[in-house]
Amino acid sequence: MEQKIRFYTEQTLKSWDQAAEVHERRNPELINRVSENTYNGLEPDFNRLMDSQDITGKSVVQVCCNNGKDLISIKNKGAGYCLGIDGSRKFVEQARALANASPHSDLQFEHHNIYALPDSYNNTFDFAVVTVGVLAWMPRVKEFFSIVSALLKPGGILLMEEIHPVLNMYEEGTPSSLAYSYFDRSAQREEGGLDYFAGEKYESAENYCFQHTFSDILMAAISADFSLQYIEELPANVGNYCADLEETPANPPLAFIAKWKKAHE
Ligand SMILES: C[S@@+](CC[C@H](N)C(=O)[O-])C[C@H]1O[C@@H](n2cnc3c(N)ncnc32)[C@H](O)[C@@H]1O
């Protein structure tokens, strides 16, 4: 792994480890909710995209899976072998605990920095899934897409729901307002914590996030041998950042969903 990528990602993952206890406190009911085989924590638009696919018995990998609630939801839809990968050891522990409380103790969760995945996972999965709040932590989006592509079998499908890069131009406030260049790709250092449920600030290890424009994302996918099958920009608040923009009349795109297919060879 390149030294800069190692620095940014390892530092950021320390702050995710610290956030694990905060997030668990915000969702005390989750452990009970996942025990139902009808549990579905997916955002509505991503749920619609998932339901447009036949995943019955198919292998699924979720990259940067956090506490695994989305993968548990996908398993409840009939998926076969499911693996969640996350770089925060504490969130992987939470994901394993939630999986044990769910009807699917066979769900597998592993701890890896995505930029240092062992080759043994390559060419294994029918589907890869990335849900909201992942791309911004990636110093290099091109490498990220090629790592995800390598996990898929030829012809495998990547399903994504992400924050729209236009949203990163806004600063949170009442109301939220335009503040940042769309094209500023420099590392953004923050240390106020990652409580995007209640917005509470706490002392946290610094973390680094990155802007990737829409064309950066689309070009990264092309360079990783993906062909775009579906894309939709959305007005929905999915990440709880500048949530008021969902209601404003001059509303920007807040999220997108997309489906890509990996080339057959
Ligand atoms: C916003 S959360 C994703 C939440 C997910 N959409 C959900 O609802 O469960 C982002 C996750 O990415 C993980 N992450 C960030 N950088 C990573 C890296 N370099 N390698 C692996 N995981 C990483 C964090 O640990 C965190 O769990």
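Computed from a prediction, not measured in an experiment: that's the story for all the values here.

Colleague: Even after reading the chapter, I still don't get the site of the ligand, so can you show me in this structure?
Modeller: Every one of the 21 residues lining the ligand counts as a neighbour, but Trp16, Cys64, Asn66, Gly87 and Gly133 are closest to it. For the shell around the ligand, the secondary-structure elements that each account for two or more residues are α1 (3–26) and α4 (69–76). Here the element with the most residues in the shell around the ligand is α1; it accounts for four residues. Looking at side-chain class alone, the shell around the ligand contains nine nonpolar, nine polar and three charged residues.

Colleague: Just to check I follow, could you spell out the packing of helix α6 (residues 141–151) against helix α7 (residues 214–223) for this structure?
Modeller: The relative placement of two packed helices is expressed as an angle between their axes plus a distance between the axes. Across the interface, α6 lies against α7 with an axial gap of 8 Å and an inter-helix angle of 40°. The pairing of α6 with α7 is recorded here as oblique in orientation. The two elements α6 and α7 cross, and the hand of that crossing is right-handed. Taken together, the residues of α7 that come into contact with α6 (itself represented by Val141, Lys142 and Phe145) are Asp216, Ile217, Ala220, Ala221 and Ser223. Across the contact of α6 with α7, the residue classes break down as five nonpolar, one polar and two charged.

Colleague: Whenever I open this one, the nonpolar core confuses me. Can you help?
Modeller: Note on soluble globular proteins: their nonpolar side chains tend to be buried together. Judged by nonpolar contacts, the single largest core of 69 residues is most densely connected at Val60, Val63, Ala128 and Leu158. With residues near it in sequence (within four places) discarded, Val60 still touches Ile55, Ile74, Ala79, Cys82, Phe125, Phe127 and Val129.

Definitions and limits used
- Residues numbered from 1 in each chain as written.
- Predicted model: local features only at pLDDT ≥ 70, side-chain atom pairs only at ≥ 80, totals over all residues.
- Near = placed C-beta within 6 Å.
- Helix = DSSP H or I, 4+ residues; strand = E, 2+ residues; numbered from the N terminus.
- Nonpolar A, V, L, I, M, F, W, Y, C, P; charged D, E, K, R; others polar.
- Axes fitted to C-alpha atoms, helices over the stretch in contact; angles between N-to-C directions.
- Parallel < 35°, antiparallel > 145°, perpendicular 65-115°, else oblique.
- Left-handed = near helix turned anticlockwise from the far one by under 90°.
- Contact = placed C-beta atoms within 7 Å.
- Core = buried A, V, L, I, M, F, W, Y, C linked by C-beta atoms within 7 Å.
- Buried ≥ 20, exposed ≤ 12 C-beta atoms within 10 Å, placed from the backbone.

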